[in-house]
Amino acid sequence: LSSLTLRSGFSRVTDEDGPVDAAVERTIQTDTYGPILGWDFVFRNGVRASLASSLTKATSIDSRIYGVTRDRRTTNSDLRITKTFPAAKGIKFPFSKKVVRLPNDLNLNLTCNVTGDKQVTSRPGEQEYLETDTKGLKVGSGTTYNFSRAITGGFNFEYRQNDDRKLGIKRRGITVDLNAAFTF
């Protein structure tokens with residue numbers, strides 16, 4: 001490990017709505033822990049990693065409709081790993097004993113993102129009502145390579161899944177992306 005950075009943050013925002021000379025009709029308080037804890041690593045072998053988790057909690061109280069309260073909780077966790085293979089050193093693949101030398105640097109990355117969103121509505125004297133409850137997952141990988149000063153290209157792959165727990169529906173998708181740029 002050659003470098004380690006730790007970060008954390010918190011903010012609270014309170015919004016109040018209503019007529020100028022009357023009682024407050026609606027209050028929204030939002031607490032954001034962004035990130036709760038964030039780590040950035042740089043390793044001696046050139047690998048860079050970033051790991052962060054954030055949480056947002058929002059409470060809305062609406063006095064116009066008999067004190068209805070909406071509680072929303074949103075989470076996000078993100079992992080990113082990148083590695084650059086310098087052209088001068090070459091790349092040693094696990095299945096080969098020889099070092100492969102490339103004319104230019106090769107950049108590889110891996111990402112993973114997990115999200116959650118849940119909102120509950122309640123009213124005094126009544127049972128809570130679940131409005132939304134979703135979980136999401138994205139895993140991706142990609143590479144970029146400069147073939148020359150004028151030609152760059154890349155490959156990206158992403159798998160994503162969204163689970164709507166309230167409705168009992170799962171959605172999945174895969175993206176494959178090939179790209180090239182020509183500079184004249």
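The preceding data block contains the structure.
Report on the accompanying structure.

Criteria and thresholds
- Residues numbered from 1 in each chain as written.
- Predicted model: local features only at pLDDT ≥ 70, side-chain atom pairs only at ≥ 80, totals over all residues.
- Heavy atoms only, no water.
- Phe/Tyr/Trp six-rings, centres within 6.5 Å; stacked < 30°, edge-to-face > 60°.
- Buried < 20%, exposed > 50% of the residue type's maximum accessible area, 1.4 Å probe, protein only.
- Pairing = 2+ DSSP bridges.
- Helix = DSSP H or I, 4+ residues; strand = E, 2+ residues; numbered from the N terminus.
- Salt bridge = Lys/Arg side-chain N within 4 Å of Asp/Glu carboxyl O.
- Patch = residues over 30% accessible without salt bridge, like charges linked within 9 Å, V, L, I, M, F, W, Y side chains within 5 Å.
- Areas by Shrake-Rupley, 256 points an atom, 1.4 Å probe, with all protein chains shown as cover.
- Contact = heavy atoms within 4.5 Å.
- Polar contact = N/O pair within 3.5 Å; in protein donor to acceptor, adjacent residues only side chain to side chain.

On inspection of all chains with the given rule, the structure shows three aromatic pairs. Residues W39 and F41 carry aromatic rings whose centres are separated by 6.0 Å and whose planes lie at 0 degrees to one another, so their mutual orientation is stacked. In this structure W39 comes out as partly exposed when scored by relative accessible area, which is 30%. Relative to F43, the ring of F41 lies with its centre 6.1 Å away and its plane at 15 degrees, an arrangement referred to as stacked. On the accessibility criterion, F41 (22% relative accessible area) is partly exposed. Site record: aromatic cluster; members linked through ring pairs are W39, F41 and F43.

As a further point, take the pairing of strand β3 (residues 26-42). With five bridges connecting them, strand β1 (residues 3-7) and β3 associate as antiparallel partners. Across the sheet, the residue bridging to L6 is W39, located in β3. When β3 meets strand β4 (residues 47-62), the two strands line up antiparallel, connected through 14 bridges. If you follow Y33 over to β4, its bridge partner there is L55.

What follows concerns the pattern of salt bridges. Oppositely charged side chains can form a pair if their charged atoms are brought close together. This structure, assessed with the given rule, holds 10 salt bridges. Among the ionic pairs, D17 bridges to R26, the shortest N-O distance being 2.5 Å. Its salt-bridge partner being R165, residue D163 comes within 3.8 Å of it at the nearest N-O pair. You can call D163 buried: its relative accessible area is 17%.

With that out of the way, let us pick up a nonpolar patch on the surface. Taken together, F155, F157, I174, V176 and L178 make up a surface patch of nonpolar side chains, about 510 Å² in accessible area. Counting only elements with at least two residues in the nonpolar patch, the list comes to β10 (151-164) and β11 (169-182). By secondary structure assignment, the location of L178 is in strand β11. Judged by relative accessible area, which is 68%, L178 ranks as exposed.

With that out of the way, let us pick up the pairing of β4. Counting the residues that bridge the hairpin from β3 to β4 gives four residues, and of these G46 lies at a positive phi of roughly 95 degrees. Joining the antiparallel neighbours β4 and strand β5 (residues 68-85) is a turn of five residues, in which Y66 adopts a positive phi near 60 degrees.

A separate point is the environment of N156. Here N156 lies in strand β10. Overall, N156 belongs to the partly exposed group, its relative accessible area being 29%. Sequence spacing of N156 and N109 is 47 residues, and the spatial spacing of their C-alpha atoms is 9.2 Å. Setting aside residues up to four positions removed in sequence, N156 forms contacts with S141, G142, T143, T175, V176, D177 and N179.

A few words on the side chain of Q119. Along the chain, the position of Q119 falls in strand β8 (residues 106-122). According to the relative accessible area criterion, Q119 is buried, its value standing at 12%. The contacts of Q119, once residues within four sequence positions are left out, are R70, D71, R72, Y129, L130, E131 and T132.

Take R160: it is sitting in strand β10. Along the chain, R160 and R171 lie 11 residues apart, while their C-alpha atoms are 8.2 Å from each other. In contact with R160, not counting residues within four places along its chain, are L137, K138, R171, R172, G173, I174 and T175. Within the structure, R160 has its side chain in polar contact with the side chain of T175 (distance 2.7 Å).

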